[in-house]
Amino acid sequence: MTDEQLLIEFALTRLDNPGLDLEEVATLTVRRLGEDRMLDFAGLTLASRGELRGAAFPAAVEHVLRVVLTLRGPDD
């Protein structure tokens, strides 16, 4: 999944849940995308940290947040 596709999934999840904060939307996005994507995202987070082990779900949520915040750009 590309970062742009992930951002679209995040945006769709946010539209369905407008009252949630970014981390809660990221959590729902990971759940919505399923276990295979969760493991992919977790692997990317752990690789970027240089870690060999870690909790998969929180690492996947961290990846989603990192992508969203990176593509969103700097705050004005």
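Above: the structure in question.
Description of the structure in this document. No experiment lies behind these values; they were computed from the predicted model shown.

## Side note on helix α4 (residues 56-72)
Next, step 1: Compared with the 24 Å implied by 1.5 Å per residue over 17 residues, the 24 Å span of α4 between its first and last C-alpha is a close match.
Next, step 2: Residues of α4 that are buried: A59, A60, V61, H63, V64, L65, V67 and V68.
Next, step 3: Packing partners of the buried residues in α4 comprise α1 (3-16), α2 (22-33) and α3 (35-49).
Next, step 4: At the C-terminal side of α4, G73 shows a positive phi close to 90°.

## Some thoughts on α3
Because each turn of an α-helix spans 3.6 residues, side chains separated by three or four positions in sequence point in the same direction.
Next, step 1: Taking 1.5 Å as the rise per residue, α3 with 15 residues should run 21 Å; its terminal C-alpha atoms sit 21 Å apart, in good agreement.
Next, step 2: Of all the positions in α3, only M38, F41, A42, T45 and L46 are classed as buried. Down the axis of α3, the buried set is contained in an arc of 135°. They therefore lie on one face. In this structure, α3 carries D36, A47 and S48 as exposed residues pointing more than 90 degrees from its buried face.
Next, step 3: Tucked inside the fold, the buried residues of α3 contact α1, α2 and α4.

Conventions adopted
Residues numbered from 1 in each chain as written. Predicted model: local features only at pLDDT ≥ 70, side-chain atom pairs only at ≥ 80, totals over all residues. Heavy atoms only, no water. Helix = DSSP H or I, 4+ residues; strand = E, 2+ residues; numbered from the N terminus. Expected span 1.5 Å × (residues − 1). Buried < 20%, exposed > 50% of the residue type's maximum accessible area, 1.4 Å probe, protein only. Contact = heavy atoms within 4.5 Å. Arc of directions from axis to C-beta.

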